[in-house]
Every structure is written in structure tokens, then in C-alpha cells.
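# Observations on chain architecture
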Amino acid sequence: MGVKAKKSNADAVYSKKSGKTSNPFDSAISQTSKRLNPFDVHVNKEKFKILGRICKHDRGLPGVSRAKALKKRAETIGKQYEVKHKTNKFRDHRIGKHLTGEQLTESVMNARYLAEKLSQVRASNKAQKFNLNDDELLTHRGQTLEEIEKYRDERSDDEELEDEGLDAEFTSAAHFGGGADATQDRQTAIEEMISEQKRRKIEIAKDKDEVHDLTEKLDANYKDLLSLVAKATKDEQIAKPPPDDYDKLLKEMIFEPRGSVTDKLIKPEDLAKQEAARLEQLENERLRRMKADDEQPETTVQPHRSADDLDDGYFATGIEDDADDTLAYDLDGNLGTHLNSKKDTSKVQSNDKSEDGSDDEGGEEDDDEEEESDSDSESEADNLSDLKATDSEPDSESEQAPQPKKTKSKSQKQKVSETIETSIPYTIKMPKTYEDFAELLAKYTPAQQVTVVERIIKCNHPKLEGVNREDVVKLFGFLLHYIKDMFEDASELDIGSHFKLVSQLMPHLHDLVHLNIDRMSNTLLDVIKEKYAEFRKNHKIYSTLDTLIYFKIVSNLYSTSDFRHPLATPTYIFMQHMLSRARVRTRQDIAMGLFVVTIALEFGSRSKRLLPAIFNFLQGIVHMAIPKRQQERVEIAPPFEQDGPFSKLLAIPVTSDTKALQPQKLQPADLVTQTIDVDFRVRALDSTLCLLKQIFEEQMGEHTGACYLAAPFLPLIEQLPMNLYPEHVQQHCAEAKSTLKSVAEQKMKPLAPPDKKPKALRLLEPRFEMVYDDKRRPKMSKQKEERAKLLHKIKREKKGAIREIRRDTAFVQDLRLKQQIQSDNERREKVKRIYQEASVQQGELNELARAKKRKKF
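Residue numbers restart at each chain and count upward from 1, following the sequence in its written direction. Under the rules for a predicted model, residues below a pLDDT of 70 receive no local features and side-chain atom pairs below 80 are neither given nor counted, while totals for whole chains, interfaces and linings still include all residues. Remark: hydrogens and water are excluded; side-chain values derive from all non-hydrogen atoms of the structure.

## Quick look at the overall build of the chain
Counting its secondary structure elements, the chain contains 28 helices and 6 strands. Considering only residue pairs separated by 6 or more positions, the chain has 69% of its internal contacts joining residues 24 or more positions apart. Using a 1.4 Å probe, accessible areas were evaluated by the Shrake-Rupley method; residue-level cover was limited to the displayed protein chains. Total accessible area on the chain is roughly 65800 Å²; 54% of this is exposed by carbon and sulfur atoms. Strands here are runs of E lasting at least two residues and helices are runs of H or I lasting at least four, both read from the DSSP assignment and numbered beginning at the N terminus. Contacts: residue pairs with any heavy atoms within 4.5 Å of one another.

Here it is, written out as C-alpha cells:
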């Protein structure tokens, strides 16, 4: 291995040595290579050399800089000097140039035309004065010779007959008497020759005419032939490669059926107009049906039919809709088949089958349940017909057709449903006052009231023409007032229907808010402020139910996750004050408090922000469910009482039996009921435990201090007598307790100061002072130094500007001198040429004079 390595190293050294040549001119730099001329380099010497300073101007190239400056001046000042005194603008010298389009009459246009023609004539006369060429255009039959020229070799008749005229055989026979026609005299031979020549000329002329016609035809069709010839030549010249996958896919995509063109997007204004027009049309049809304008008389006139009629176009003419039965032949040739009776019987059979099926199904239930289901189905049909008017209109016409009915009760219900369905007009004007609005809604059922509100919005949309934009704001205020009136006098029977109506009105309230957000929000904010002012007058009592429903409307219509919202934030604070100040004395207070807690949780579901009063209220509910003795006190924060009868409102007596109670949530009737029963106590505690589990599982998991909020609930839950509650309450209690324990046992991270950076060692660094130039100056303030620096820069720039102006002036003077020298040289050359031509002319005259003198002698 060592011998091989030494050998390879030796070879490498030898190859390097052998690569060097002995020619001294191989390493010489060529003369054409780019290098600096030492005589063109200017060296700027420095008085002092400073370490670390990079000097960019130690060497300069005056020649290169001068050439660049001259080139730049030639492209800027030189171009400006060339176009000096040249405007390059079109000036309108026409007659009536200041007149507008209506003032330009025919006389002005004629005057312009004559002036333009005269100017052209003057210009042509002036140009033809010294024109020695003949510029006249020669025409033939209205076409110039250039247009007639076809570039054909037009030969005369004599030239064409030159080769065929008098050949050697004819001349020898005619002039010297030879040939077979020697007996023929000369005159006859000449006449025959002349006739033959005329015949041949006629044939040649005919052939020429045919060739000319064919040529003209070919010229006319040349363009059509050219494309075909070009394609053929290209196909022959270019050999197409076999199609690859991409080409095959492209051809498939080309021949694929294209999608149909969709309608363009409709603007909101047009959409509102279409909806208003549709509702107006439906209203007109409803009024027409109500007045029975579309009903036909029972006696229909049979159209005239001849005896020879074969009923070929019977079904095409629409006679199958007539009430009369017509006899016809069937496929077997039997007479007596009724054409219309088949269709009618099939309809009757299908209706009978459907009614039989419905009767069979309904027979299994009681009569009361059947009536309720019928009323529900009718209300659903009414709702669908109102919301989908386009689909219900043709169906309504079919429903009006006579059908067999089995019972009188069903017929009466159908008549009632038809009156309810058709009693809602499709176009409704905006009521002027709230009393008119309330009177309008009082005529209809809750399900129909939603349809009425929807149609009022569509008929008074702000995008429609001729509609007052304040109507929608007024309608929003009417709806808020109507909701207030509903819940202000709500009872146990109708409060559920009121909540359903509000939930159905929510989409329409949302649409109204987005039509004018500022005005609608201010209207609702004024209502919230008014309710809060009423609450502050007596803050120890919960607000009425009509106030709480506004909280629900705000949570559904606005963004409650904003850090600061002009409407949601005041409502949030309102709920905080209500939960922390109002006393809990009745069943209604407990239900209202839990209702506000639920709305507050909806407010903070996304932002993960919670009110402190929520935890205090839930602790109070659990505290009231603990049975206490007379002298026993459990610590709780206000507004709940630690002892007394109000501290154990939800405590269950030992003698009560609650094991058979089914799991239920709080009912809407709890919000208007004052008495507390065992069922409500179980439901209130069950709802509280479910809320605790939901809060600490979903919303409090990311909070740092969640353990401190969960800890106070554990001793209260431990004191609950779970053996008196149903199984589902015990299960919910166990789940809530485990959740609270897991949250309460979470350890918080100890606070630690922020990490400090290690202090760097103190180094001896020089103190730098700002020195703007090398000149030593007395110490000045910072402002004076800046001013002195600025004045120095201004002075330098002024010197540079003066220097550039001086050089620009010299450059312009040089251009003027060159231009003057060039014009002088041109004038000198012209004078020389004139003298030369004059001398030649004089020599010719002298020569002519001398020639004349010679002729005299």
C-alpha cells in the first residue's frame, strides 16, 4: 500500500511539472483585455490614514466620469434642445371650429368641404409648377390602367400567326408554281388564304375569350381555393405524431356536453320586487276565488260535432274535462265505453282508498285524540300553505274539487281549515299605530301571526320603490311592544304558546335587525334602559317576565362574545345586578333566577366569560334545598338568607314520596306560579346540579382559578339528603360532585418571577463622539451642530449645482457651435455646387457660341 501511494504522488507531481510550458508569452495579458490606463487614473491622497475607515474615493476615473456625464446630458438636455421651438400640436383651422354638434348645419359642412378642396387644388398647383413628370392618371371605361393590368402576355394577331402564316411550302407553291393546286389561279388562292386566315383569327379570339372567362372565374374563387390548398400543403408537410393521452382527453373534453347557462345572480332589490309581485298576484287570486269569479256554471254547452266526426282529436282539444260522458269504441270493438267516466271513477276510487286508510288508522284511537290530530294536521297544512304559497296554490284548486265525504265532522273541519287558510291576505299594508297592529294579529292564530308578520316585512321591504324605510323600524318596535304585552299578562295556560310564538318570530326579528342595524339596536337598547330604570326603583324584586324575554332576544340576535358590545354588554350587567340583588322568596323568583342563569351561560358560551353572581345564585339554590333545624345555620352570601323559613324553601319533607317522579325540566308555567310543591323542588335542584356539571366541564376547564369556585359547592352538596330524591337526581348529584371534586383538587402553578437576563460583565469601551467632518470646531449644542451640518450640506449642494449649471451651459454652447458649423458647411457645399453648375453651363454656352462662329466662316 505504501509503494502504491508514493507512486501516485509522484505521478501527480510529474503531471504538474509537465503541464508548465517554457513559452514566456503564454502568461502574458492580451492587449485587448479590459485594464485601466495608468494615465487615466487619478489618485486622491489622504493626509491621515485612519484604521478601520473604508475610503471609497481613493482612486477616480475622470475620463469615464466625463463620458458618462456627456452621455447623460446628450440624452436629457440634448433631446430638449433638438425639440426646441417645436410644438407638435394640431391646430384646428376649420370653419366653425367653436360650434357644437347641434350648431353644425349643412351650410357649415359645405363651406368646410369647399375650403378643403381649394386648399388641395392650391397645393397641387404649387407642386405641379416645377414638376416635369406627367402625373396624370390614364383611365379606360372608368378604371385606371393599373387596375386593368392583369400582367398577361397579350400578343397581337400578327405575332400569333407569324409562325403559321407563310411557310416554305406555301411560298414555293404560290410564288413558283409548285404543288398539287398548280391549275388554280393566283386570285383564287389569295382569297382562300384570306378566308382561312379570318377563320383562324375567329377561332383564336374564341379561345382567348374562353381563357379569359375561366381566368376571371378562377380569380373570383381564388380565396376559397387558397385555404384548401394551404391546409393540404400543411397536412402534407407536417407529419402528425400519434395522439397521446393528453390529446385524447382534450378531444373527449371538447365533445363532452357543456353545462347549461345558469341565471345571473339576482340583486336584493330585484328579489324584493319579485317577492312583492308574487304576493300581490297570490292576493288577487285569493280574492278572485273568494268572490267565486273563477267558478263555471253547472250547465256547460257541448261543442258542435258532426256526424262524420271520428274523435281523432278528442283528447287534444281538452274535451276530456267536460262533465258529460261520451260513448266510444274500446280496443275490442265494443260500444259503450265512457271516456270521462274512467278518469272520474279512478279518482273516486283513489280518494276512497285514501280516506278508508285514514279512517282505519284513526279508528284505533279515541275521538278526542282524533280531533286533536286533525286540528294539528290542519294547522300544519295552514303553515305550509302560507310559507310555501307557490306550492299550495295549485293544490288548493285541486282541494276545491268535489270529493265524496263520509262524515259531517270531517267536512266541517275542512271548511273551517279552508276559511282559515284563505283568510290571510297576501299583501298587507303597514299598520299606522300599535293598536291597529295588535288588532290585526288578534284576528289570527299564533301560527298564522308568524305568516302575517312575514308578509308585512315582504310587502314593506326597504328595497321596494315607493316604500317608506321607517316602516320596518316601526314594525320592529311594534313586535317588541306586542311581545311585552303577551308576557306581561301571561298565565299558566298560554305562556307555553307565547314562548313558541317568540321562537317562531326570531328569524323575522333577525331579518328586521339586519335591514337597519343601527336603528333597530337603538330601539332595543332604549327598551333595556327603560326596564333597568324600573328595576333600580325596587332592586330587591325580580323584574317581570316581559323583561327577561328581552334578554333572550338579545342573546339570539346579537354577538354576545364581543369584549365590549353596545347592546349585549349592558344586558350582561343588568343580569348581574338582578342575580346579585333580587331576593328569592317564591317559586317564580327561583324559576326566573334559573332562567337568567341559563341566558347568562349562553352569553359566555364562546367567550368563556362568566358572571360571579351565577355561582352565588347556584350556591343559594343548593343551600335552600338543605333541611335545617331551628338553631342550625349554614353560611351563604346575600341575597339569600342563612336562617328562617326562606332559607329552606326547596327542602323536601321526610314524609314526602318522591321516588316515583319522572325526570323533567323546568316548565314555562313555573315562571308565573307562586306556590312551591314537591315536584318543583325536585326539578329545581335537578336543574341546578345539571347546570353545575355543565359549567365546570365545558366553560370552566380553562380558567386558572376554577378550583376556588368549585370548592364552596362541595360542603353544601354533602349536606343534601339524597335518600329522599329520585334516582335520576341522585345520579346527577353524583356526577356533579365528581366533577366539582376533580376541579377543586387541581393545583395551581406557583407564581414565579420572570426570568432575568444575566448581568453582563462591565467592559472598558471607548466613548464615541459624533464627528461630522475632519475639521476641528468648538463644542456646540446638538441643535447648533445639526444646523451647522445642514448649512454645510447646503453650501456643498449649491456649489455642485453651480458647477453642473456651468457644465450644462458649456454643453449647450457646444451643441450650438456644432449646429452652426454644420449649417455653414452645408451652405458652403451648396454654393460650390451652384458655382460648379454655372461654370459648366457657361462652358456649354461658350462652346455653342464658338460653333456658331465657325459656321459663319
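## Some points on the environment of I590
Within the secondary structure, I590 is located in helix 22 (residues 587-603). In sequence terms I590 and F680 are 90 residues apart; their C-alpha atoms lie 9.9 Å from each other. Residue contacts for I590: discarding those within four places in its chain leaves V584, F617, I621, M624, L650, I676, F680 and A684.

## A few points about the packing of aromatic side chains
Pairs of aromatic rings are described using the distance from one ring centre to the other and the angle between the two planes. Each pair of aromatic rings taken from Phe, Tyr and Trp, with Trp reduced to its six-membered ring, is defined by centres within 6.5 Å and is described as stacked if the planes are under 30 degrees apart, edge-to-face if over 60, and tilted in the remaining cases. Overall, the coordinates contain 13 aromatic pairs when judged by the stated rule. The interplanar angle of 55° and the centroid separation of 5.7 Å between the aromatic rings of F617 and F640 together place this pair among those described as tilted. Remark: F640 occurs in the loop between helix 23 (612-624) and helix 24 (678-699) and F617 occurs in helix 23; sequence separation between them is 23 residues. Residues F617 and F640 agree in their burial class; the two are buried. Among the aromatic residues, ring-to-ring pairing joins Y434, F437, F478 and Y482 into one connected group. Between buried and exposed lies partly exposed: a residue is buried under 20% and exposed over 50% of the maximum accessible area for its type, with that area taken using a 1.4 Å probe on protein chains only.

## A few points about the side chain of S555
Checked against the element boundaries, S555 lands in helix 20 (residues 545-557). Other than its neighbours up to four places away in sequence, S555 contacts T560, I599, E602 and F603.

## Comments concerning the environment of A447
Structurally, A447 can be placed in helix 16 (residues 446-459). Accessibility expressed as a relative area gives 22% for A447, which makes it partly exposed.

## Focus: unusual backbone geometry
The omega torsion of the bond from P638 to P639 falls at 10°, within 30 degrees of zero and hence cis. Non-glycine residue K608 carries a positive phi angle of around 60°. Positionally, K608 belongs in the loop between helix 22 and helix 23. Owing to a relative accessible area of 28%, K608 belongs among the partly exposed residues under this scheme.

## Things to note about a nonpolar patch on the surface
Residues forming no salt bridge and having over 30% relative accessible area are the ones grouped into patches, like charges within 9 Å of each other and nonpolar side chains (Val, Leu, Ile, Met, Phe, Trp, Tyr) within 5 Å. Salt bridge criterion: a side-chain nitrogen from Lys or Arg within 4 Å of a carboxyl oxygen from Asp or Glu. On the surface, Y246, L250, I254 and F255 cluster together into a nonpolar patch covering about 500 Å² of accessible area. Residue position: I254 is located in helix 9 (residues 245-255). Overall, the relative accessible area of 52% leaves I254 in the exposed class.

## Things to note about the pattern of salt bridges
For the structure shown, the criterion picks out 21 salt bridges. Measuring nitrogen to oxygen at the nearest pair gives 2.7 Å for the salt bridge that ties R683 to D670. Separated by 13 residues along the polypeptide, R683 in helix 24 and D670 in the loop between helix 23 and helix 24 bring together distant segments of the chain. Accessibility assignment for this pair places R683 and D670 in one class, buried. Its salt-bridge partner being D679, residue R683 comes within 3.4 Å of it at the nearest N-O pair. Within this pair, R683 and its partner D679 are both found in helix 24, separated by 4 residues, close to a single helical turn. Classification of D679 as partly exposed rests on a relative accessible area of 26%. Put simply, R587, D670, D677, D679 and R683 are held in one network by salt bridges that share partners.

## A look at helix 15 (residues 434-442)
Regarding helix 15, the residues found buried are Y434, F437, L440 and L441. Around the axis of helix 15, the buried residues are gathered within 120° of arc, so they sit on the same side. Along helix 15, the residues that are exposed and aim more than 90 degrees away from the buried face are E435, E439 and A442. Elements that come into contact with the buried residues of helix 15 comprise helix 16 and helix 17 (470-488). To be clear, the arc concerns the directions from the helix axis to the C-beta atoms.

## Remarks on a negative patch on the surface
In this tally Asp and Glu are treated as negative and Lys and Arg as positive; neither His nor the chain ends contributes. Taken as the charge centre is NZ of Lys, CZ of Arg, CG of Asp or CD of Glu, depending on the residue. On the surface, D207, D209, E210, D213, E216 and D219 cluster together to form a negatively charged patch. Inspection of the secondary structure puts D207 in helix 7 (residues 186-220).

## Quick look at the packing of helix 19 (residues 517-537) against helix 20
For helices, the fitted axis covers only the stretch in contact; all axes are lines through C-alpha atoms, and the angles between them, taken along N-to-C directions, range from 0 to 180 degrees. The geometry of helix 19 relative to helix 20 is characterised by a closest axis approach of 11 Å and an angle of 145° between their N-to-C directions. Taken as a pair, helix 19 and helix 20 cross one another with a handedness that is left-handed. Between helix 19 and helix 20, the contacting residues are L524, V527, I528 and K531 on the first element and D546, T547, Y550, I553 and V554 on the second. Residues are grouped as follows: Ala, Val, Leu, Ile, Met, Phe, Trp, Tyr, Cys and Pro are nonpolar; Asp, Glu, Lys and Arg are charged; all remaining types, including Gly, are polar. A per-class count over the contact of helix 19 with helix 20 returns 6 nonpolar, 1 polar and 2 charged. Crossing handedness is read from the near helix: turned anticlockwise from the far helix by less than a right angle, it gives a left-handed crossing, and turned clockwise, a right-handed one.

## Re the environment of R585
Here R585 shows up in the loop between helix 21 (568-581) and helix 22. A C-alpha to C-alpha distance of 9.1 Å links R585 and Q674, two positions 89 residues apart in sequence. In contact with R585, not counting residues within four places along its chain, are E641, F646 and L649. A distance of 3.1 Å separates polar atoms of two side chains, one belonging to R585 and the other to E641. Here a polar contact is taken to be a pair of N or O atoms separated by no more than 3.5 Å, where protein atoms must pair a possible hydrogen donor with a possible acceptor and residues adjacent in sequence count only if both atoms sit in side chains.

## Points about the side chain of Q642
Mapped onto the elements, Q642 comes out in the loop between helix 23 and helix 24. What makes Q642 buried here is its relative accessible area of 17%. In terms of polar contacts, Q642 uses its side chain to reach the side chain of E635, at 3.2 Å.

## Things to note about the confidence of the model for the chain
pLDDT runs from 0 to 100 and stands for how confident the predictor is about each residue. Averaged over every residue, the pLDDT of the chain is 76; the share at 70 or more is 69%. A low-confidence stretch, residues 294-301 (pLDDT under 50), is modelled with 2 contacts involving residues beyond four sequence positions or located in other chains. Low confidence marks residues 335-422, where pLDDT is under 50. Its contacts with residues over four positions away, or in another chain, come to 71 contacts.

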